[in-house]
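Topology and contacts: notes
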Amino acid sequence: MSEPKTPQAWANQISAILNAVLGTDRFPVDVSDVAKEISRSRFADDPITLVKGADLPGFEGALYPAPPGKKGWGILYNNTIRSPGRICFTLAHEFGHYLLHRRTSPQGIQCGQENVALGSLDSDRETQKRMEKEADTFAAYLLMPFDDFRRQINPRETVDMDRLSACAERYGVSLIAVIRRWLEYTEKRAVLVVSREGFILWSYSSEPARKTKAVFRTYGCDPIEIPPASLAANPSDSLTDTRTGVDLPINVWFAEEEVKEMAVPSEQYDFVISLLLLKDRDRHPGLEGEPEEDAYDCLMKITDSR
Ligand SMILES: [Zn+2]
């Protein structure tokens, strides 16, 4: 088997192996096992021999070469992380670094919680950003393959928080990670807004939403206040309503757009996750839409890891 060159191709190749061995109903992925098995069979002289929690102050996870005289690599995650979903994503992220970057970073890679700049010990900032993004892409493809996700939720189907939570459970990842992934393939106009203390921390829009300018730009701009009439600003007593969605009139979130908003607190109750669903709309031919926001990966790490 030839060695894949991209994060997607690596994850797809491993997914195909897992499908063949375990069948398609095989989630969540046991990253620790898979990393050890795959690395041993593909790179017998240079395998991952250790995966464990460790005291890593200031780091989310790390990929380290074995001490001198020993062969192989170790994946470590910060043992103060309480969220199993976050640990799973971190392990997959570090496995991605192993597959894609260990040869160019022989001293190892440390991954920070609040910014990606820690990155590799051997490379410049732009390279580090690219490597972090590639490791995140690998993790998302490995843990939540689109073919399986599309079977759980059809791209044309609408969703609510309960269905998305069920997928988070299936894949062993956080609710935010699963919503972010759903937004990558859904044909619905939908926007994820993560807010804290009245301000948007970051936001991500599905492609159909971006094409119709339903985006919040948070990187390099003044902070955006959440609308006073939104669910995010008014945590409700009625949990059911906020999980299934409340219809909000035009001009609450977007001018001239009605929005169905669902909102839930994060696992640690320190920020609010809102999902905004907009009405289907015919694509406007020739409309360029908004580009994807680049800061997302970094920002997602901040909010997703606490
Ligand atoms: Zn990393």
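Residues numbered from 1 in each chain as written. Predicted model: local features only at pLDDT ≥ 70, side-chain atom pairs only at ≥ 80, totals over all residues. Heavy atoms only, no water.

This part takes up the packing of helix H2 (residues 31-42) against helix H3 (residues 84-101). Viewed as axis vectors pointing N to C, H2 and H3 meet at an angle of 15°, and their least axial separation amounts to 9 Å. On the basis of the axis angle, H2 is roughly parallel to H3. The way H2 lies across H3 gives a crossing that is left-handed. Each of Val 31, Val 34, Ala 35, Ile 38 and Ser 39 in H2 lies in contact with H3, whose residues at this interface are Cys 88, Leu 91, Ala 92, Phe 95 and Tyr 98. Within the contact of H2 with H3, the residues separate by chemical class into 9 nonpolar, 1 polar and no charged. (Axes fitted to C-alpha atoms, helices over the stretch in contact; angles between N-to-C directions. Helix = DSSP H or I, 4+ residues; strand = E, 2+ residues; numbered from the N terminus. Parallel < 35°, antiparallel > 145°, perpendicular 65-115°, else oblique. Left-handed = near helix turned anticlockwise from the far one by under 90°. Contact = heavy atoms within 4.5 Å. Nonpolar A, V, L, I, M, F, W, Y, C, P; charged D, E, K, R; others polar.)

Each neighbour pair has its own omega, and for Phe 27 with Pro 28 the value is 0°, a cis peptide bond. The backbone of Lys 213 sits at a positive phi, close to 65°, despite the residue not being glycine. Within the secondary structure layout, Lys 213 lies in the loop between helix H8 (207-211) and helix H9 (239-244). In this model, Glu 256 sits at a positive phi of 65°, which is unusual for a non-glycine residue. Within the secondary structure layout, Glu 256 lies in the loop between strand S7 (246-248) and strand S8 (259-265).

Turning next to the pattern of salt bridges. Side chains that carry opposite charge are capable of pairing whenever their charged atoms lie near each other. Applying the stated rule across the entire model yields 19 salt bridges. Glu 184 serves as the salt-bridge partner of Arg 180, at 2.6 Å between the closest nitrogen and oxygen. With Arg 180 and Glu 184 both in helix H7 (residues 175-185) and 4 residues apart, this pair spans about one turn of that helix. On the accessibility criterion, Glu 184 (34% relative accessible area) is partly exposed. Salt-bridge contacts for Lys 211 lead to Glu 207; the nearest nitrogen and oxygen are separated by 3.0 Å. (Salt bridge = Lys/Arg side-chain N within 4 Å of Asp/Glu carboxyl O. Buried < 20%, exposed > 50% of the residue type's maximum accessible area, 1.4 Å probe, protein only.)

What follows deals with the confidence of the model for the protein. Looking at the protein as a whole, the pLDDT averages 88, with 86% of positions reaching at least 70. With pLDDT under 50 throughout, residues 114-120 is counted as low confidence; its partners more than four residues away or in other chains account for 25 contacts. (pLDDT = per-residue confidence, 0-100.)

Taken in spatial order, the 5 strands of this open sheet run S6-S5-S9-S8-S7, and their pairing is antiparallel. What marks the edges here is a single partner per strand, and that holds for strand S6 (199-205) and S7. Averaged over all adjacent pairs, the angle separating strand axes in this sheet is 30°, with direction ignored. Bridging between strand S5 (residues 190-196) and strand S9 (residues 272-278) involves 6 bridges; their strand directions are antiparallel. (Pairing = 2+ DSSP bridges.)

Let us now look at the packing of helix H6 (residues 161-171) against H7. The contact between H6 and H7 brings their axes to 9 Å, and the two run at 105°. Classed by the angle they form, the pair H6 and H7 counts as roughly perpendicular. Together, Met 161, Leu 164, Ser 165, Cys 167, Ala 168 and Tyr 171 of H6 and Leu 175, Val 178, Ile 179 and Trp 182 of H7 make up the contact between the two elements. In terms of residue class, the contact of H6 with H7 is built from 9 nonpolar, 1 polar and no charged.

Donor atoms from the polypeptide that coordinate the zinc ion comprise His 93 (NE2), His 97 (NE2), Cys 111 (SG), Glu 132 (OE) and Glu 132 (OE), at 2.0 to 2.4 Å from the metal. Each donor residue of the zinc ion lies on the same chain, and together they follow the pattern H-x3-H-x13-C-x20-E. Highlighted residues: His 97 in helix H3 and Cys 111 in strand S4 (residues 109-112), separated in sequence by 14 residues. Look at His 97 and you get buried, because its relative accessible area is 0%. (Donors = N, O, S within 2.8 Å, 3.2 Å for Na, K, Ca; no water.)

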